[in-house]
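Coordinate analysis (summary)
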Amino acid sequence: MTIEVKESPDSHEEDQGCGEAVDAGAPDTEGDLRAELAAASEEVDRLRRAAAEFDNLRKRAERERLESRWNTAAGPLREFLGVVDNLDRALQAEASADDLRAGVEMIRRQMADLLRRFDVEPVEGMNAPFDPNVHQAVAREESAEVDEPTVVQELQTGYTMESRLLRAAMVRVAVPAPPPASRDGNVEDGAGNDADAAAGGA
């Protein structure tokens, strides 16, 4: 005996409906990739523009730095060219030693005047109290003629600019000699030690 199984029309329609529903919900892979590629391309373009703008800013800042440096140095250097001209004239002149010395002294005064115009002043040196803020002690000696560490020789002039130290003066410093008792090891007071400490142990 043969049993025939007939599919219900409703069941077939439901299967087709489910297939259509699955197909409708499937992602559009090609469309998504195109959208992602377009977004990535836009991001790359944005980064390229940002990098180009940064490079332009860097180049402009470097140009402005060089221009500012040139403008800052050009004024003082232009003033010093006059001193160089006078030195050249002195070297080319046929004159006696006394005339050459007078010419050098004139140029030295010109240089000093020019330095003052730029608020550059020499540090007080000879016979000035030793000041470690503006003096660099390169030698030290004991002396009974001083009561405190004192500059007795200026080996190189120091300078300040606008009241700020430009270059320390290299000096020889005299410190008070210790009392005779201290030479036998019987120090009655600490005057000698205090003087040495004030001179910076130069």
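Residues numbered from 1 in each chain as written. Predicted model: local features only at pLDDT ≥ 70, side-chain atom pairs only at ≥ 80, totals over all residues. Heavy atoms only, no water.

Concerning the overall build of the protein chain
Worth spelling out the cut-off: Runs of H or I in DSSP of at least four residues are treated as helices and runs of E of at least two as strands, each being numbered from the N terminus. Note on classification: 1.4 Å probe, protein chains only; a residue is buried when its accessible area is under 20% of the maximum for its type, exposed when over 50%, partly exposed between these limits. In this description, contact between two residues means that some pair of their heavy atoms is separated by no more than 4.5 Å. Areas reported as accessible are Shrake-Rupley estimates using a 1.4 Å probe. Residue values count occlusion only from the protein chains shown.
Along the backbone of the protein chain there are five helices and six strands. Order of helices (α) and strands (β) in the protein chain, N terminus to C terminus: α-α-α-β-β-β-β-β-β-α-α. Looking at the protein chain residue by residue over its 202 residues, the buried ones come to 16%. For the protein chain, long-range pairs separated by at least 24 residues make up 64% of all intrachain contacts whose partners lie at least 6 apart in sequence. Summed over its atoms, the accessible surface of the protein chain is roughly 15,800 Å², and 51% of this surface lies on carbon and sulfur atoms.

Things to note about the pattern of salt bridges
This is how it is decided: Salt bridge, as used here: a side-chain nitrogen of Lys or Arg that lies within 4 Å of a carboxyl oxygen of Asp or Glu.
Here the structure, examined in full by the defined rule, presents nine salt bridges. Here Arg 34 ties to Glu 30 by a salt bridge, and the two come within 2.6 Å at their closest N and O atoms. Within this pair, Arg 34 and its partner Glu 30 are both found in helix 2 (residues 29–92), separated by four residues, close to a single helical turn. Accessibility expressed as a relative area gives 57% for Arg 34, which makes it exposed. Judged by its relative accessible area of 48%, Glu 30 falls in the partly exposed class. The closest approach of N and O atoms between Asp 113 and Arg 116, which form a salt bridge, is 2.3 Å. Taken as a pair, Asp 113 and Arg 116 lie in helix 3 (residues 97–117) at a separation of three residues, close to a single helical turn. Using a relative accessible area of 41% as the deciding quantity, one classes Asp 113 as partly exposed. Since its relative accessible area comes to 44%, Arg 116 is described here as partly exposed.

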